[in-house]
Amino acid sequence: MTVVKKIPKITDPDVQGMHHTGLESWHAFKIMSEFVDATERLKEITPAVSIFGSARTKPDSPYYELTVDIARRLSDAGFSVISGGGPGIMEAANRGAFAGASPSIGLNIELPHEQNANTYQDISQNFKHFFMRKVMFVKYASAYVVMPGGFGTLDELMEAITLVQTGKTLRIPIILVCEPFWRGLVDWVKTTLVNEEMISASDLDLIQMIDDPAEIVQAIFKHYETRGFKLSAEEERIQLYL
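Residues numbered from 1 in each chain as written. Predicted model: local features only at pLDDT ≥ 70, side-chain atom pairs only at ≥ 80, totals over all residues. Heavy atoms only, no water.

### Section: the overall build of the protein chain
Selection criterion: The way it works is that DSSP assigns letters per residue, a run of H or I at least four long becomes a helix, a run of E at least two long becomes a strand, and they are numbered from the N terminus. For every residue, the accessible area obtained with a 1.4 Å probe (protein chains only) is divided by the maximum for its type, and the residue is called buried under 20%, exposed over 50%, and partly exposed between those limits. Residues are treated as being in contact if the distance between any of their heavy atoms lies within 4.5 Å. The protein chains shown are the only cover counted for residues, whose accessible areas, like all others here, come from Shrake-Rupley with a 1.4 Å probe.
Along the backbone of the protein chain there are 8 helices and 7 strands. Among the 242 residues that make up the protein chain, the fraction classed as buried is 43%. In the protein chain, of all internal contacts separated by at least 6 residues, the share reaching a separation of at least 24 is 71%. Put simply, the protein chain shows about 13,600 Å² of open surface, and 57% of that area lies on carbon and sulfur atoms.

### Remarks on a nonpolar patch on the surface
Basically, it comes down to this: Surface patches are drawn from residues lacking salt bridges whose relative accessible area is over 30%; two like charges belong together within 9 Å, two nonpolar side chains (Val, Leu, Ile, Met, Phe, Trp, Tyr) within 5 Å. Salt bridge, as used here, is a side-chain nitrogen of Lys or Arg placed within 4 Å of a carboxyl oxygen of Asp or Glu.
A cluster of nonpolar side chains, W26, F29, M32 and V36, forms an exposed patch at the surface whose accessible area comes to about 470 Å². Here M32 is to be found in helix 1 (residues 13-42).

### Focus: the packing of helix 4 (residues 130-139) against helix 5 (residues 151-165)
The condition is simple: Interaxial angle, 0 to 180 degrees, is taken between N-to-C directions of lines fitted to C-alpha atoms, where a helix line uses only the stretch in contact. Small angles under 35 degrees read as roughly parallel and large ones over 145 as roughly antiparallel, with 65 to 115 read as roughly perpendicular and the rest as oblique. By convention the crossing between two helices is left-handed if the near helix lies anticlockwise of the far one by an angle smaller than a right angle, and right-handed if it lies clockwise. Only Asp, Glu, Lys and Arg are considered charged, only Ala, Val, Leu, Ile, Met, Phe, Trp, Tyr, Cys and Pro nonpolar, and every remaining residue, Gly among them, polar.
Here helix 4 crosses helix 5 at 55°, and the two axes come no closer than 11 Å. Viewed along their axes, helix 4 and helix 5 adopt a mutual orientation that is oblique. For the crossing formed where helix 4 meets helix 5, the hand is right-handed. Note on element contacts: helix 5 touches helix 4 through D155, E156, E159 and L163, opposite R133, K134, F137 and V138. A per-class count over the contact of helix 4 with helix 5 returns 3 nonpolar, no polar and 5 charged.

### So, the pairing of strand 1 (residues 48-52)
The test is simple: Seen with its strands pointing away from the viewer, a crossover is right-handed if its path from the first strand over the helix to the second goes clockwise. Criterion used throughout: strands pair if DSSP finds at least two bridges between them.
Where burial is concerned, most of strand 1 is hidden: 5 out of the 5 residues are buried. Residues A48, S50 and F52 of strand 1 are buried on one face, and the alternating residues V49 and I51, pointing to the opposite face, are buried as well. Considered for its hand, the β-α-β crossover made up of strand 1, helix 2 (residues 62-76) and strand 2 (residues 80-83) is right-handed. With 4 bridges connecting them, strand 1 and strand 5 (residues 143-146) associate as parallel partners. What sits directly across from S50, in strand 5, is Y144.

### Topic: the sheet that holds strand 3 (residues 104-109)
Taken together, 7 strands build an open sheet; the order of strands is 4-3-2-1-5-6-7 and the sheet is parallel. Taken across any chain shown, the strands that pair with only one partner, and hence form the sheet edges, are strand 4 (123-127) and strand 7 (207-209). Recorded for the sheet is a direction-independent mean angle of 20° between the axes of neighbouring strands. Sheet strands touched by helix 3 (residues 89-98): strand 1, strand 2 and strand 3. Its angle to strand 2, the strand with the most contacts, is close to 165°. Where helix 5 meets the sheet, its contacts fall on strand 1, strand 5, strand 6 (174-176) and strand 7, and the angle it forms with strand 6 comes to roughly 145°.

### Quick notes on the packing of helix 2 against helix 7 (residues 213-224)
Axis separation between helix 2 and helix 7 bottoms out at 9 Å; the angle between their running directions is 40°. By the angle class used here, helix 2 and helix 7 are oblique. Pair helix 2 / helix 7 crosses with right-handed handedness. Contact with helix 2, carried on its side by L66, D69, I70, R73 and L74, involves P213, A214, I216, V217 and I220 of helix 7 and no other residues of that element.

### Digging into empty space enclosed by the protein
What counts is decided by this rule: With a 1 Å grid laid over protein atoms only, a set of points is called a cavity when a 1.4 Å probe fits there but cannot get out and a pocket when it is open yet has protein on both sides within 12 Å along at least five of seven lines; lining residues have an atom within 4 Å of a point. Grid points are joined across faces, edges and corners, and a volume is the space filled by probe spheres set on the points.
This structure, assessed with the given rule, holds 1 cavity of 30 Å³ or more. The space that makes up the largest cavity amounts to roughly 30 Å³. Lining the largest cavity, in full, are F52, K134, F137, V138, Y144, E156 and E159. Elements represented by at least two residues in the lining of the largest cavity include exactly helix 4 and helix 5. Per element, the largest residue contribution to the lining of the largest cavity is 3 residues, and it comes from helix 4.

### Focus: helix 5
Put simply, the test is: Multiplying one less than the number of residues by 1.5 Å gives the expected span of a helix. Note: the arc covers the axis-to-C-beta directions of the helix.
In this model, helix 5 (15 residues) spans 21 Å end to end at C-alpha, consistent with the 21 Å of a helix rising 1.5 Å per residue. Among the residues making up helix 5, those that are buried are T153, E156, L157, A160, I161, L163 and V164. In an axial view of helix 5, the angular spread of the buried residues amounts to 165°, which keeps them on one side of the axis. Tucked inside the fold, the buried residues of helix 5 contact strand 1, helix 4, strand 5, strand 6, helix 6 (179-194) and strand 7.

And the structure:
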């Protein structure tokens, strides 16, 4: 009599659990690989400025033209410029930097729609994971310049403010550009978050609103004029555990 060994189906709960655990473990290695690859490619780009903004902004928009101007000035002043690598404001940031003296970097994310890498990148780094990409935006930035944008831009802005507020990253300039666009949000922060004691009034000092491109560059240099861009040993430790 032949005994046929039963091969469990993938629908069996125990097998499903084993299969899922294996996938999770393998996925952790892929995340590690993505982190190592990005770190090796980006570690020499400092000082750098990350520029955020909408992927939906058209090239004929004043926001687009302003971003090109800001990025070109930053690049010529010696800053690498980091963007999300896609269209809209991201393209404008890379375009301005690409025409300037310093590297233009795109941190591209794989999405089912809306994101295609723009062509104005000296260094193009691809990511599968949003959280890993956001780490790299913060890890190498000496400043944030935030242009008008939607949910993604707000997410990146709030994450940057939170990391600085909690001391998980260094105090860097966070500059909102186009004051009329941001005024309602900033007023709400003042009248609601501060008044309801959800944040301290001093937390408002973490952000600036500047519209003039030359003044943006000056504000970043002013922040570093007494300390320089080189990190101390303690600051390197903070960035390591970001």
